[in-house]
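Notes for the structure review
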Amino acid sequence: MTASGCKNLLIVNGPNLNLLGTREPHIYGASTLADIEQLCIVTAESQGFTVDCFQSNHEGDLVDAIHSAAGDAAGIVINAGAYSHTSIALRDALAGVGLPVVEVHVSNVHKREEFRHFSYLSAVSDAVIVGAGISGYRMAVEYLTERI
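About the thresholds
Residues numbered from 1 in each chain as written. Predicted model: local features only at pLDDT ≥ 70, side-chain atom pairs only at ≥ 80, totals over all residues. Heavy atoms only, no water. Salt bridge = Lys/Arg side-chain N within 4 Å of Asp/Glu carboxyl O. Helix = DSSP H or I, 4+ residues; strand = E, 2+ residues; numbered from the N terminus. Polar contact = N/O pair within 3.5 Å; in protein donor to acceptor, adjacent residues only side chain to side chain. Expected span 1.5 Å × (residues − 1). Buried < 20%, exposed > 50% of the residue type's maximum accessible area, 1.4 Å probe, protein only. Arc of directions from axis to C-beta. Contact = heavy atoms within 4.5 Å. Axes fitted to C-alpha atoms, helices over the stretch in contact; angles between N-to-C directions. Parallel < 35°, antiparallel > 145°, perpendicular 65-115°, else oblique. Left-handed = near helix turned anticlockwise from the far one by under 90°. Nonpolar A, V, L, I, M, F, W, Y, C, P; charged D, E, K, R; others polar.

1. A word on the pattern of salt bridges
It is possible for side chains of opposite charge to pair when their charged atoms get near one another. Scanning the entire structure with this criterion turns up three salt bridges. Among the ionic pairs, Arg147 bridges to Asp126, the shortest N-O distance being 3.4 Å. Residue Arg147 is located in helix H5 (residues 135-147), and its partner Asp126 is located in the loop between strand E4 (101-105) and strand E5 (127-130); the two are separated by 21 residues in the primary sequence.

2. What to know about the environment of Asp92
Here Asp92 shows up in helix H4 (residues 88-97). In the structure, Asp92 is positioned 22 residues away from Ala70 in sequence and 13 Å away in space, judged by C-alpha atoms. Of note is the side chain of Asp92, whose polar atom sits 3.3 Å from the side chain of Arg91.

3. Regarding helix H2 (residues 33-46)
Taking 1.5 Å per residue, 14 residues should reach 20 Å; H2 reaches 20 Å between its end C-alpha atoms and fits that length. Every buried residue belonging to H2 is among Leu33, Ile36, Cys40, Thr43 and Ala44, and all of these are buried. Down the axis of H2, the smallest arc covering the buried residues is 95 degrees, so these residues share one side. Among the exposed residues of H2, those oriented more than 90 degrees off its buried face are Ala34, Glu45 and Ser46. Summarising the contacts, the buried residues of H2 are in contact with strand E1 (8-13), strand E2 (50-55) and H5. Immediately downstream of H2, the backbone of Gly48 shows phi near 80 degrees, a positive value.

4. Observations regarding the packing of H2 against H5
It is the contact of H2 with H5, at a shortest axis distance of 9 Å, that shows an interaxial angle of 30 degrees. As judged from the angle between their axes, H2 and H5 are roughly parallel. The element H2 and its partner H5 pack so that their crossing is right-handed. Counted together, Ile36, Leu39, Cys40, Thr43 and Ala44 of H2 and Tyr137, Arg138, Val141 and Glu142 of H5 form the full contact between these two elements. Its residues assigned to classes, the contact of H2 with H5 comprises six nonpolar, one polar and two charged.

5. Considerations on the environment of Thr145
Positionally, Thr145 belongs in helix H5. Judged by relative accessible area, Thr145 falls into the buried class, the value being 10%.

6. Focus on the packing of helix H3 (residues 59-72) against H4
At a minimum axis distance of 9 Å, the contact between H3 and H4 shows a crossing angle of 5 degrees. Here H3 is positioned roughly parallel relative to H4, judged by the angle of their axes. Contact residues: H3 offers Glu59, Leu62, Val63, Ile66, His67 and Ala70, while H4 offers Ala89, Leu90, Ala93, Leu94 and Val97. In the contact of H3 with H4, the residues fall into nine nonpolar, one polar and one charged.

Shape descriptors only; they carry no functional weight alone.
Quick look at the structure:
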């Protein structure tokens, strides 16, 4: 249990992740965002944790969700999608709340376009999981529940 007693995790998904299951299945697979959320819920519950899931295509909404986690969550799992490679605002929000963070990418971004090889979020994340499909979310939740 955390010092504050919180046993809740925030799962944050960024732009276009609402299209999982139909968007480029040869890259992202057939699983949907609902499948990912259910996987996170089941994994967290098996460790005595709960999760709040949040998805938005809007950067400011993602920043607001991260800010609100400071009082409501013990850790954050984030797949910021394309914002991983562009958003200093998300990087600063994650650093600002001071919570453990795991960055997740469904595909192996290092086998893709050059612009996907750098993430602003990695430097403020405790762990980064790429290319493990939706299992990366399970690994991220397990990592956080063990660390917290």
